[in-house]
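Commentary on secondary and tertiary structure
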Amino acid sequence: MAVFINGGILIGYISNYAFSKVTLKLGWRVMLGIGAIPSVLLMVGVLVMPESPRWLVMRGRLGDAIKVLNKISETKEEAQQRLAGIKQAAGIPENCNDDVVQVTKQNTGEGVWKELFLYPTPMVRHILIAGLGIHFFQQASGVDTVVLYSPRIFEKVGITSDKDKLLATVAVGFIKTVFILVATFMLDRVGRRPLLLSSVGGMVLSLSRSPSASPSLITRRRN
């Protein structure tokens, strides 16, 4: 998902640079309106997207579930194995192959929030703290500020041309997307922990360098 999100951001940067040559009266409208195209495509895709096999099994629609599993699985044997696991979780006998069955075991998710926040086990508590902590510090590091206000940041460091600022923003989006691809391909080989620790080290080094670099940039810009 991160690959597609950052790929979309990069395409947005490129389109902004491309339409920066259009007149101001028309340019910003095109930049803003062109973002509706992927949204419309996503909406159409959601409308034709099949239901989740697990949701279908929980509603007793085994025939529809196996059709979806056959489409998303590499082999029919894999689809049958996945269906057997879902049927076991739903309390449906493994030898039941009817298209529509009555499901007696209904999991409504009651007590999940209590187990997560009020009475978590030590393992769940560690996972919760790690997940919330990663997302909190990711946002606190200011990554969204760089993504959303890159032209302003480049203007502060002395780039005055609008085209140059947009081109530099494209470079930021390109580098960000490339390293997300690198992390995606290395995830199974190296593991999540080494990638997370190395990226955190780079963030700490960059953010600790920023305060010492900012005064010199401001002084140079004033002179």
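Residues numbered from 1 in each chain as written. Predicted model: local features only at pLDDT ≥ 70, side-chain atom pairs only at ≥ 80, totals over all residues. Heavy atoms only, no water.

**Points about the nonpolar core**
Nonpolar side chains in soluble globular proteins tend to end up buried together. With 16 residues, the main nonpolar core has Val57, Leu62, Leu83, Ile92 and Val101 as its most contacted residues. Of all the elements, helix α5 (residues 62-72) adds the most residues to this core, at five residues. Dropping the residues within four chain positions of it, isoleucine 92 is found in contact with Val57, Leu62, Lys87, Val101 and Val103. (Core = buried A, V, L, I, M, F, W, Y, C linked by side-chain atoms within 4.5 Å. Buried < 20%, exposed > 50% of the residue type's maximum accessible area, 1.4 Å probe, protein only. Helix = DSSP H or I, 4+ residues; strand = E, 2+ residues; numbered from the N terminus. Contact = heavy atoms within 4.5 Å.)

**What about the pattern of salt bridges?**
Tallying each qualifying case throughout the model produces four salt bridges. The closest approach of N and O atoms between aspartate 64 and arginine 61, which form a salt bridge, is 3.1 Å. What you see here is one network of salt bridges that share partners, running through Glu155, Asp162 and Lys165. (Salt bridge = Lys/Arg side-chain N within 4 Å of Asp/Glu carboxyl O.)

**Focus: empty space enclosed by the protein**
Inspection of the entire model under this criterion finds one cavity of 30 Å³ or more. Reported here for the largest cavity is a volume of approximately 40 Å³. Forming the walls of the largest cavity are Asn6, Ile9, Tyr13, Val147, Val172, Gly173, Lys176 and Thr177. Listing elements by their share of the lining of the largest cavity, those giving two or more residues are α1 (2-19) and α11 (162-190). If one sorts the elements of the lining of the largest cavity by residue count, α11 sits on top with four residues. Along the lines of polarity and charge, the residues of the lining of the largest cavity split into four nonpolar, three polar and one charged. (1 Å grid on protein atoms, 1.4 Å probe; cavity = no way out; pocket = protein on both sides within 12 Å on 5 of 7 lines; lining within 4 Å. Points joined across faces, edges and corners; volume = space filled by probe spheres on them. Nonpolar A, V, L, I, M, F, W, Y, C, P; charged D, E, K, R; others polar.)

**Quick look at α11**
The end-to-end C-alpha separation of α11 is 41 Å, in line with the 42 Å expected for 29 residues at 1.5 Å each. Along α11, the helix axis deviates most sharply at threonine 184, where the bend reaches about 25°. The set of residues buried in α11 consists of Lys165, Leu166, Ala168, Thr169, Val170, Gly173, Thr177 and Ile180. One or two residues past the end of α11 sits glycine 191, with phi positive at roughly 110°. (Expected span 1.5 Å × (residues − 1). Bend = angle between axes of the 7 residues up to and from the residue.)

**Observations regarding the layout of surface pockets**
It is a probe the size of a water molecule, rolled over the atoms, that shows where empty space is left. Quantified by volume, the second largest pocket comes out at close to 450 Å³. Elements with a contribution of two residues or more to the lining of the second largest pocket: α1, α2 (24-33), α9 (143-148), α10 (150-156) and α11.

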